[in-house]
Amino acid sequence: MKLVLVEGDITEQRVDAIVNAANSSLMGGGGVDGAIHRRGGPEILEECRALRASRYGRGLPVGAAVATTAGRLPARWVIHTVGPVYSRSEDRSHLLASCYRESLHVADSLGASTVAFPAVSTGIYRWPMADAARIALAAIRHAGSSVTEVRFVLFSPAAYADFEQALGDMG
Ligand code: ADP
């Protein structure tokens, strides 16, 4: 598996699947979630609504992942995953790792070979970037997925630098 870091906007990535840092409601939100729904159009939300009416009546659990169409985005699928809110008193890193593992599991089941990830939980959910980068890269490396390229799309030079450092530290 090739691991690639880029600085940019995830909604512009030409890949098989774009991962969304969603919330449990699957009804859209701010940050990367808002950008994906704006750019992808209403078809994504329609499928999210259908998921809420069927498999995920109580919402998508934290650490889980589910796919929908990518609508008008230059990808085939959006894989929605719900990151944990960062807590200083409770270690939720297993849930953050689960987002990456489960997203790759969904990608494998779809036959997606290229997947773009944002830095899940590092925005509104406040996870410190350097720590999130370390958890994300380790989870992906250990996932045992048949995805051929994982592309991290970092939204700022600082986020890119943290991921670059974490990748270097991993050797
Ligand atoms: P969360 O609720 O999981 O923290 P956010 O969407 O608030 O999700 O933030 C996750 C990360 O995505 C943050 O680092 C944020 O800067 C970044 N981000 C926001 N918009 C985009 C975008 N269009 N492309 C890539 N990353 C983005």
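Provided above is the structure to which this section pertains.
Here the residue index of a chain counts from 1 through its sequence in written order. Where local features are concerned, this predicted model is filtered to residues with pLDDT of at least 70; where side-chain atom pairs are given and counted, the filter is 80 or more; whole-chain, interface and lining totals use all residues. Values reported for side chains reflect all heavy atoms of the structure, with hydrogen atoms and water molecules removed beforehand.

1. Considering the site of the ligand
Close contacts around the ligand come from 16 residues, with V32, S121, T122, G123 and I124 the closest. Here a polar contact is taken to be a pair of N or O atoms separated by no more than 3.5 Å, where protein atoms must pair a possible hydrogen donor with a possible acceptor and residues adjacent in sequence count only if both atoms sit in side chains. Here an oxygen atom of the ligand sits 2.8 Å away from a polar atom, N or O, in the main chain of I124. Between the ligand and Y125 there is a distance of 3.0 Å, counted from an oxygen atom to a backbone nitrogen or oxygen. Here the ligand, which alone exposes 560 Å², has 89% of that area covered by the protein. Working definition: helices are DSSP H or I runs of at least four residues, strands are E runs of at least two. Numbering for both runs from the N terminus. Per element, the largest residue contribution to the shell around the ligand is three residues, and it comes from helix α1 (residues 31–40). In terms of residue class, the shell around the ligand is built from ten nonpolar, five polar and one charged. We define proximity as follows: a residue is near a molecule or strand when any one of its heavy atoms falls within 4 Å of that partner. In these tables, accessible area is a Shrake-Rupley quantity obtained with a 1.4 Å probe, and a residue counts as shielded only by the protein chains included in the view. When residue character is reported, Ala, Val, Leu, Ile, Met, Phe, Trp, Tyr, Cys and Pro are called nonpolar, Asp, Glu, Lys and Arg charged, and the others, Gly included, polar.

2. Comments concerning the pattern of salt bridges
Here, a salt bridge means any side-chain nitrogen of Lys or Arg that lies within 4 Å of a carboxyl oxygen of Asp or Glu. Across all of its chains, the model carries five salt bridges by this definition. Note that K2 and E149 form a salt bridge whose closest N and O atoms lie 4.0 Å from each other. Of this pair, K2 sits in strand β1 (residues 2–7) while E149 sits in strand β6 (residues 149–154); the two residues are 147 residues apart in sequence, bridging distant segments of the chain. Between R134 and D131 there is a salt bridge; the shortest N-O distance is 2.5 Å. On the criterion of helical spacing, the pair formed by R134 and D131 is a turn pair, its members being three residues apart in helix α4 (residues 129–141).

3. A look at unusual backbone geometry
Located in the positive-phi region is S121, a residue other than glycine, with phi close to 75°. Its place among the elements puts S121 in the loop between β5 (114–117) and α4. In this model, R126 sits at a positive phi of 65°, which is unusual for a non-glycine residue. Mapped onto the elements, R126 comes out in the loop between β5 and α4. Only protein chains enter the accessibility calculation, which uses a 1.4 Å probe. A residue is then buried if its area is under 20% of the maximum for its type, exposed if over 50%, and partly exposed in between. Given a relative accessible area of 53%, R126 falls into the exposed group.

4. Brief notes about the sheet that holds β6
By the convention used here, strands pair only if DSSP detects at least 2 bridges between them. Here six strands make up an open sheet; going across it, the order is β1-β6-β5-β2-β4-β3 and the pairing mixed. Looking along the sheet, the strands with just one partner apiece sit at the ends: β1 and β3 (65–69). For this sheet, the mean inter-axis angle between neighbouring strands, taken without regard to orientation, is 25°. Summarising the sheet, strand β2 (residues 17–22) and β5 pair through two bridges and their orientation is parallel. Only the stretch in contact is used when a helix axis is fitted, and all axes are lines through C-alpha atoms; the angle between N-to-C directions ranges over 0 to 180 degrees.

5. Regarding the packing of aromatic side chains
Two aromatic rings, taken as a pair, are described by how far apart their centres are and by the angle between their planes. Aromatic pairs are defined between Phe, Tyr and Trp rings, using the six-membered ring for Trp, whenever the two ring centres lie within 6.5 Å; interplanar angles under 30 degrees are classed as stacked, those over 60 as edge-to-face, and all others as tilted. Tallied over the entire structure, the rule returns five aromatic pairs. On the numbers, 5.8 Å between centres and 25° between planes, the contact of F117 with F152 is stacked. Taken together, the residues F117 in strand β5 and F152 in strand β6 connect sequence positions 35 residues apart. Each member of the pair, F117 as well as F152, is classed as buried. Here F152 and F163 contribute two aromatic rings whose centre-to-centre distance is 4.9 Å and whose plane-to-plane angle is 40°, an arrangement assigned as tilted. Note that F152 is positioned in strand β6 and F163 in helix α5 (residues 157–170), a separation of eleven residues in sequence. Owing to a relative accessible area of 0%, F163 belongs among the buried residues under this scheme.

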